[in-house]
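Understanding the architecture of this molecule
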Amino acid sequence: MAIGRRIPPILAGDTASDGQTDRKRDSRRASSAGAARRRSGRQNPGHPSGAPDLEHGTGAGSDRIFDPGRRGCFSRASMAGNRTIARYYLTFAGEIKDFMSNEQLAAMAAALRRIVTEGDAYGRSNEGADQKVIVEFVSSNPNGPITVAGGRSAAIGDVLASLLEATGHSVTREYYINDALSSEQMINFGKSVFYRYLEIQGSASPIEGDEPPDWLYEGDYVTAIAREIAASRGGEFEGADLDDPQTAYTFRALSQERMIARQKADLEALDVRFDNWYTESSLHDAGLVSAVVQNLTERGHTFEKDGALWLRSTAFGDDKDRVLVRANGVASYIAGDAAYHKDKFDRGFDKAVNVWSADHAGYVARTKAVVAALGYDPSRIDVLLYERVRIVKDGELIQPSLHGGGALELKSDVIDEIGADAARIFFLLRAPETALDIDLDRARKADGDNPVYAAQSAYARVLKTEPVASIDDTDFSLLTSESETSLIEKLSAFPGEVSLAARERAPHRLVQYVRDLAALVPSLDAGAEVSAARTVLLDATRIVFKNAFALLGVSAPERM
RNA sequence: GCGCCGGUAGCUCAGUGGAUAGAGCAUCAGUCUUCGGAACUGAGGGCCGGGGGUUCGAAUCCCUCCCGGCGCACCA
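Each value, and the rule that gives it
Residues numbered from 1 in each chain as written. Chains lettered and ligands numbered in written order. Predicted model: local features only at pLDDT ≥ 70, side-chain atom pairs only at ≥ 80, totals over all residues. Heavy atoms only, no water. Helix = DSSP H or I, 4+ residues; strand = E, 2+ residues; numbered from the N terminus. Buried < 20%, exposed > 50% of the residue type's maximum accessible area, 1.4 Å probe, protein only. Areas by Shrake-Rupley, 256 points an atom, 1.4 Å probe, with all protein chains shown as cover. Pairing = 2+ DSSP bridges. Contact = heavy atoms within 4.5 Å. Axes fitted to C-alpha atoms, helices over the stretch in contact; angles between N-to-C directions. Polar contact = N/O pair within 3.5 Å; in protein donor to acceptor, adjacent residues only side chain to side chain. Salt bridge = Lys/Arg side-chain N within 4 Å of Asp/Glu carboxyl O. Expected span 1.5 Å × (residues − 1). Phe/Tyr/Trp six-rings, centres within 6.5 Å; stacked < 30°, edge-to-face > 60°. pLDDT = per-residue confidence, 0-100. Parallel < 35°, antiparallel > 145°, perpendicular 65-115°, else oblique. Left-handed = near helix turned anticlockwise from the far one by under 90°. Nonpolar A, V, L, I, M, F, W, Y, C, P; charged D, E, K, R; others polar.

Focus on the overall build of chain A
When you go through chain A residue by residue, the secondary structure sums to 20 helices and eleven strands. Scored against the burial criterion, the 560 residues of chain A give a buried share of 48%. Carbon and sulfur atoms form 48% of the exposed surface of chain A, whose accessible area is close to 25,900 Å².

As structure tokens, this is what we get:
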């Protein structure tokens, strides 16, 4: 919407450049005025003089006249106040001449000056006040490639981290490797690699019957690793016992490094890089897990039952008590997680943001409970849950195959198909709490239906103009068309959008913003007069695109 | 059964208690011409799942019901 600009029918033919636009403005103005009249007619009788004072509570006897623009309009972008003025003109004075106040022009000019002056820094702020935040995302067992769900986590976490950096937080990106010795998943994984190893070595399959055992990881990558081990170590392990835990440990140890390297490569293909890869096993090795169990016991928050040690997490808002140490003496996952989160705070982080898939929703309460039991404010943990991802190809959902290990892979199923830029944008196309279907065909199309193409080609269009050397003498009053004022309004909203997206942990807002911005660009081209003001506008648009792309971690190609 | 997340235009989805609830696609109309896809401009299309409540004001907050997804381990 334009900034308070309306053209009455009687003047439209005189001021606008072509008849078609006239009709558009004409009809808009008419409906606007009508709506405004309806609105005011409704409002005045509806709000007698006894309406409460908005600023000072209900103050009986206040005769303040209700002001519909009071909060929403005045508190918005820097130019917003003028919008209200324009609206009042419309509402009460009716037909107004092509209207743009000096204040509006000044605000537009100031907005453009600010963008061009701040350049790369435009959109950044220091709201975070150097608060130390750790963003933990993707985190999984090192027992397979990164899945598409992991990809969504990666995109959300990485861009959220960038948003937090842009708003002045000190940010660490961390991947938590769930590699504890006691992990059932990892034991089964080690066992699976050994199983495949025996097959490769030509030993008789250790399992009788045709049905694969339910603990078996069936992905091709398991066989691939087993093959590598067979190649480098030969028959060394052929005599090992499948059911001996030590065998699983050995093969897990042999596989783990390769799997982590694979995961790292998968994520780098998405341009996601972590500051830390933090292993769960290191917590156990350092004695931090037993220490935290002891800590909780000393605080009186544990009890014994059925041979296990329990945390009385119900005392801290959880719906059930949780086992910390199993009857077999092995620490539970939550014990490790308690140590991990304590360690985050011990490392000096003020806030811990965790990006988890929605099937971990039930885990939030117990994690906060554990942290509270340890004496920390649970609000220092912020969990961002994201819903499932599906992939559509040729109009149909891709089904995960057994040889893929039962899950779609980030690298081969998404990035290899559409590239890292499109993958990042599509992962962030929806709010995290919304289930997401990624249509690969749409991501490859070169048209407006593809948000990546739309954004990058809009960017390429505004690159065509050379930036001006000085903006001091620019006459911004030339920028009065609706397409121009809408664009300026959008550009000036960028810093607020960055800050909101960071605050609300809503990185997808940035993608929405870029889409909206891109939609405003094409209409600028037609009949554009070459003016300094116009050049500044294009340059400002270029800057905002570039900064938004940088936050999103997508490239800003100079030509499409 | 309990808990969490969704339900907004034909479709896929945005939307910070505040202006006439928006975008893309689809549909329809028009414009341009490089006759190749397209691009551009506009139009139509909404009881914001139902019902209560709070508020000057609710898609937004509260209660309740319905529908869908997910979770409810001495797995992680």
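That covers the picture; the talk isn't over yet.
Regarding the sheet that holds strand S10 (residues 396-397)
Strand order across the open sheet formed by three strands is S10-S9-S11, with mixed pairing between neighbours. Each edge of the sheet is formed by a strand with only one pairing partner; in this case those strands are S10 and strand S11 (436-439). Of the strand pairs in this sheet, strand S9 (residues 389-393) and S11 are connected by four bridges, and their pairing is parallel. Paired with valine 389 across the bridge in S11 is leucine 436. Together, S9 and S11 form the strand contacts of helix H13 (residues 410-427), whose direction differs from that of S11 by roughly 125°.

Quick look at the sheet that holds strand S7 (residues 351-357)
Strand order in the open sheet formed by five strands is S3-S2-S1-S7-S8, and the pairing between neighbours is parallel. Looking at the sheet topology across the chains shown, the edges are occupied by strand S3 (276-279) and strand S8 (381-386). For this sheet the average axis-to-axis angle between neighbouring strands, irrespective of direction, equals 25°. Pairing of strand S2 (residues 170-177) with S3, which is carried by four bridges, proceeds in the parallel orientation. Paired with tyrosine 175 across the two strands is tryptophan 277, which belongs to S3. Most of the contacts of helix H11 (residues 333-346) go to S2, to which it runs at about 160°, and overall it touches strand S1 (132-136), S2, S3, S7 and S8. Each of S7 and S8 touches helix H12 (residues 361-373); the most contacted strand, S8, lies at about 170° to it.

Quick word on the side chain of asparagine 178
Relative to the elements of secondary structure, asparagine 178 occurs in the loop between S2 and helix H6 (184-201). There is a polar contact of 3.5 Å between the side chain of asparagine 178 and the side chain of tyrosine 333. In contact with asparagine 178, not counting residues within four places along its chain, are Ser139, Ser140, Asn141, Pro142, Met186, Glu280 and Tyr333.

Topic: the pairing of strand S4 (residues 302-305)
Two faces, one strand: in a regular strand the side chains alternate between the faces of the sheet. Note: S4 against strand S5 (residues 308-311), four bridges, orientation antiparallel. Pairing of lysine 305 across the sheet is with alanine 308, part of S5. As consecutive antiparallel partners, S4 and S5 are separated by two residues, and within that stretch aspartate 306 has a phi angle of approximately 55°, a positive value.

A closer look at the pattern of salt bridges
Within this structure, the stated rule accounts for 32 salt bridges. A salt bridge links aspartate 539 to arginine 542; the shortest N-O distance between them is 2.8 Å. Of this pair, aspartate 539 and arginine 542 both sit in helix H20 (residues 532-552), three residues apart, roughly one helical turn. Because the salt bridges share partners, they merge into one network encompassing Asp158, Glu165, Arg173 and Arg424.

A word on helix H18 (residues 508-520)
In this model H18 runs 19 Å from its N-terminal to its C-terminal C-alpha over 13 residues, within 8% of the 18 Å that 1.5 Å per residue would give. When H18 is considered as a whole, its buried residues turn out to be His508, Leu510, Val511, Tyr513, Val514, Leu517 and Ala518.

Concerning helix H5 (residues 148-166)
Along its 19 residues, H5 runs 27 Å from first to last C-alpha, staying within 8% of the 27 Å computed at 1.5 Å per residue. Along H5, 17 of the 19 residues are buried, which leaves the element largely enclosed by surrounding structure. Positive backbone phi, at 90°, marks glycine 168, one or two positions downstream of H5.

A closer look at the packing of aromatic side chains
The description of two aromatic rings rests on the distance between their centres and on the angle between their planes. The full count for this structure, using the stated rule, is 23 aromatic pairs. Relative to phenylalanine 274, the ring of tyrosine 175 has its centre 5.5 Å away and its plane inclined at 90°; by these criteria the two rings are edge-to-face. In this pair, tyrosine 175 is assigned in strand S2 and phenylalanine 274 in the loop between helix H8 (245-269) and S3, connecting sequence segments 99 residues apart. Of the two residues, tyrosine 175 and phenylalanine 274, neither departs from the other in class, the shared state being buried.

Examining unusual backbone geometry
Residues apart from glycine generally show negative phi values, whereas peptide bonds are mostly found in trans. Phi at alanine 129 takes a positive value of approximately 50°, unusual for a residue other than glycine. Structurally, alanine 129 can be placed in the loop between helix H4 (102-118) and S1.

Some details on the confidence of the model for chain A
Per-residue confidence for chain A gives a mean pLDDT of 80, with 78% of residues at or over 70. Across residues 1-99 the pLDDT falls below 50, and counting only partners more than four positions away or on other chains, this stretch makes 108 contacts in the model. With a pTM of 0.84, the predicted complex shows an ipTM of 0.92.

A few points about the packing of H8 against H13
Taken N-terminus to C-terminus, the directions of H8 and H13 make an angle of 25°; their axes are 10 Å apart at the nearest point. Here H8 is positioned roughly parallel relative to H13, judged by the angle of their axes. The interaxial crossing formed by H8 with H13 has left-handed handedness. Here Asp266, Leu267 and Ala269 of H8 come into contact with H13, specifically with Leu410, Lys411, Ile415 and Ala420. Across the contact of H8 with H13, the residue classes tally to five nonpolar, no polar and two charged.

Here we look at the packing of helix H16 (residues 482-492) against H18
For any two helices packed against each other, the geometry comes down to the angle between their axes and how far apart the axes lie. Close contact between H16 and H18 brings their axes to 9 Å; oriented N to C, the two are set at 160°. One element, H16, and the other, H18, form an angle in the roughly antiparallel class. The chirality of how H16 crosses H18 is left-handed. Residues Ser486, Leu487, Lys490 and Leu491 of H16 touch H18, and the partners they reach there are Tyr513, Asp516, Leu517 and Leu520. Taken together, the residues of the contact of H16 with H18 sort by class into five nonpolar, one polar and two charged.

Considerations on the environment of isoleucine 543
Positionally, isoleucine 543 belongs in helix H20. Along the primary structure isoleucine 543 and alanine 149 are separated by 394 residues, whereas in three dimensions their C-alpha atoms are 32 Å apart. Not counting the four nearest positions on each side in its chain, isoleucine 543 is found in contact with Ile115, Val116 and Gly119.

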